[in-house]
Amino acid sequence: MTDVVSSTAGVLAKPARRDIGIKRRYAAERRFRAYGIAALSFGILFLMLLLWSVVSKGYTAFQQTMITIPVEFSQQIIDKDNVRATDPAKLMTANYPIVARNALAKVLGVAETDRQGLRAVNQMISDGVRGQLRDMVVSDPEIIGTTQTVSLLAAGDIDSAVKGQINLDVAETSRKVSDQQVGWMKQLTDSGALAKEFNTGIFFNGASSRPEAAGVGVALIGSFYMMLIVLVLSLPIGVAASIYLEEFAPKNRFTDLIEVNINNLAAVPSIVYGLLGLAVFINFMGLPRSASLVGGLVLTLMTLPTIIIATRAALKAVPPSIRAAALGLGASKMQTIFHHVLPLAMPGILTGTIIGLAHALGETAPLLLIGMVAFVANYPTTPMDPSTALPVQIYMWANEAERAFVERTSGAIMILLLFLILMNVGAILLRRRFERRW
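In this text, all values refer to a predicted model and were calculated from it rather than measured experimentally.

**Quick word on the overall build of the protein**
Point 1. The secondary structure content of the protein amounts to 17 helices and 3 strands.
Point 2. What you see for the protein is a C-alpha radius of gyration of 32 Å, clearly larger than the 22 Å of a compact globule of 438 residues, by over 25%.
Point 3. For the protein, the spread of C-alpha atoms along the principal axes amounts to about 120 × 70 × 40 Å.
Point 4. Looking at the protein as a whole, 41% of its 438 residues are labelled buried.
Point 5. Once local pairs closer than 6 in sequence are excluded, the contacts in the protein between residues at least 24 apart make up 76%.
Point 6. Here the protein displays about 24,200 Å² of accessible surface, and carbon together with sulfur accounts for 63% of that area.
Point 7. Distance between charge centres in the protein, computed from 39 positive and 31 negative side chains, equals 15 Å.

And the structure:
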């Protein structure tokens, strides 16, 4: 009787233990799901904070304060000896900032004998007006002696004050904009002469010590040259190496060693490639420092392992039945690979290539070691000319002491992020465009 009762109790206890185990398993799944949601939420939160910190500081870089006034191109200042017909080169050396200063002083009612007032007026205009007015005169010398309405670039401090980046409520001795200049700003604003416009200069201007005249134009051209070199060199070399290793190379210790080294090279810090480029391309081969060619070669070495690994993974993902069917129909090994396997692996190859290019576009450390941190104001016409890159330009602006460079730095970061987003979106679209299911 006792045995029967014990057996009955054991049978009844098993469902209870089973229910407890199921409840624990479900609870563990709910906790794991909660941990995943929490981790994802934290990641999105920090990403939003990062984007907010960049955008909130950088969106004003795409606006620039301009002073639109009538400017008299005085022949007495620009071409006193009337030599523009015989010696037009002298027009390049005229004192154009005085022309702009006199025009603004006339609008503000500052007398020519008021030296202190003229000095304050001069501080409201960027020295970049020198090139602006010079280019106008050189392109059309007939404007000498006439009055033209011109939008002059405001100085960096005036631009910061208009954008609210300088607190005008503090004592005059604690800010760079005087009370007299604040009054002039209000006068110009009321007359419509002082206004913010879209800043095209940040996209087209070169490096400058004046923040209001600085832009990423040279850096964009340098980055374009480097990415072009990386694409032309790394894509064919990386794909060819992957095809050989995956389809033709015998499986032995030597090829195993090559594969291990490729995987290790993908994890090497980028600054090591900079040291390699400095030693090989500059010191040994004698290539010029700060050239886009050297930067492209260094970034090619850094990108190759990524492309090789991605291409090999794409080739492995092609079903063996594709190869078997092609060989069964009489295709050669080469025809099977290039006519059947490679087209099917193209989405993965393109994705890996674009991701590698995006990684190379954001690199700074290797470019610093090969001298691309130089101050370059003129556009490079060839990859052999001195230039800089977008991430290096961001690095240089971040080290500047002037307040106005803060917004330039964040604005350049926004431009770099835009290019990276476009490249990654392009990778996704290309993958979907060429992807085939089997």
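So that's the structure; there's more coming.
**Considerations on the packing of helix 11 (residues 270-284) against helix 12 (residues 292-317)**
Point 1. In contact at an axis separation of 9 Å, helix 11 and helix 12 are set at 135° when each is read in the N-to-C sense. In terms of axis orientation, helix 11 runs oblique to helix 12. Crossing of helix 11 over helix 12 shows right-handed handedness. Residues S270, Y273, G274, L276, G277, F281 and I282 of helix 11 pack against V294, L297, V298, L301, M302 and P305 of helix 12.
Point 2. Grouping the constituent residues of the contact of helix 11 with helix 12 by class yields 10 nonpolar, 3 polar and no charged.

**Here's the deal with the sheet that holds strand 1 (residues 63-72)**
Point 1. Read across the sheet, 3 strands follow the order 2-1-3 without closing on themselves; strand pairing throughout is antiparallel. Edge positions in the sheet fall to strand 2 (147-153) and strand 3 (194-198), since each has one partner strand and no second. Within this sheet the neighbouring strands show an average axis-to-axis angle of 40°, counted without direction.
Point 2. Pairing analysis gives 7 bridges linking strand 1 to strand 2, with the strands arranged antiparallel. Residue pairing across strands places I67 opposite L152, the latter belonging to strand 2.

**Here we look at the packing of aromatic side chains**
Point 1. One pass over the full model with this rule turns up 5 aromatic pairs.
Point 2. For the ring pair F198 and F203, a centre distance of 6.2 Å and an interplane angle of 25° mean the geometry is stacked.
Point 3. The interplanar angle of 40° and the centroid separation of 6.3 Å between the aromatic rings of W397 and F405 together place this pair among those described as tilted. F405 matches W397 in its accessibility class, with the two residues each being buried.
Point 4. Feature note: the residues F62, F198 and F203 constitute an aromatic cluster, connected by ring pairs.

**Comments concerning the packing of helix 3 (residues 96-108) against helix 5 (residues 129-139)**
Point 1. Packing of helix 3 against helix 5 brings their axes to within 8 Å, and their N-to-C directions diverge by 100°. In terms of their interaxial angle, helix 3 and helix 5 are classed as roughly perpendicular. Together, Y96, P97, V99 and A100 of helix 3 and V129, R130, L133, R134 and V137 of helix 5 make up the contact between the two elements.
Point 2. The class makeup of the residues in the contact of helix 3 with helix 5 is 7 nonpolar, no polar and 2 charged.

**So, the UniProt feature "transmembrane region" (unreviewed entry) in the protein**
Point 1. Here, UniProt's "transmembrane region" (unreviewed entry) annotation points to residues 32-55, 224-245, 265-287, 293-315, 336-361 and 411-430.
Point 2. Taken end to end, residues 32-55 is 100% helix and 0% strand, and its two terminal C-alpha atoms sit 34 Å from one another.
Point 3. Secondary structure content for residues 411-430 is 100% helix and 0% strand, while the C-alpha to C-alpha distance between its ends is 29 Å.

**Brief notes about the UniProt feature "domain: ABC transmembrane type-1" (unreviewed entry) in the protein**
Point 1. Sites flagged by UniProt as "domain: ABC transmembrane type-1" (unreviewed entry) map to residues 220-426.
Point 2. Along residues 220-426, the helical share is 76% and the strand share 0%, with 19 Å between the first and last C-alpha atoms.

**Focus: the side chain of T303**
Point 1. Positionally, T303 belongs in helix 12.
Point 2. Ignoring sequence-local partners within four residues, the contact set of T303 consists of V230, G356, L357 and A360.

**With respect to the environment of A120**
Point 1. For A120, the location among the structural elements is in helix 4 (residues 115-122).
Point 2. Overall, the relative accessible area of 9% leaves A120 in the buried class.
Point 3. Along the chain, A120 and V341 lie 221 residues apart, while their C-alpha atoms are 72 Å from each other.
Point 4. Not counting residues up to four positions away in its chain, the partners in contact with A120 are Q180, Q181 and W184.

**Looking at helix 4**
Point 1. All of the buried residues along helix 4 are G117, L118, A120 and V121. Within helix 4, the buried residues cover an arc of 160° as seen down the axis, which keeps them to one side. Those residues of helix 4 that are exposed and angled more than 90 degrees off the buried face are R115, Q116 and R119.
Point 2. Of the surrounding elements, those touching the buried residues of helix 4 are helix 3 and helix 7 (179-191).

How each quantity is defined
Residues numbered from 1 in each chain as written. Predicted model: local features only at pLDDT ≥ 70, side-chain atom pairs only at ≥ 80, totals over all residues. Heavy atoms only, no water. Helix = DSSP H or I, 4+ residues; strand = E, 2+ residues; numbered from the N terminus. Rg over C-alpha atoms; globule rule 2.2 N^0.38 Å. Buried < 20%, exposed > 50% of the residue type's maximum accessible area, 1.4 Å probe, protein only. Contact = heavy atoms within 4.5 Å. Areas by Shrake-Rupley, 256 points an atom, 1.4 Å probe, with all protein chains shown as cover. Lys, Arg positive; Asp, Glu negative; His and termini not counted. Charge placed at Lys NZ, Arg CZ, Asp CG, Glu CD. Axes fitted to C-alpha atoms, helices over the stretch in contact; angles between N-to-C directions. Parallel < 35°, antiparallel > 145°, perpendicular 65-115°, else oblique. Left-handed = near helix turned anticlockwise from the far one by under 90°. Nonpolar A, V, L, I, M, F, W, Y, C, P; charged D, E, K, R; others polar. Pairing = 2+ DSSP bridges. Phe/Tyr/Trp six-rings, centres within 6.5 Å; stacked < 30°, edge-to-face > 60°. UniProt positions renumbered as here; feature names shortened; annotations may be inferred. Arc of directions from axis to C-beta.

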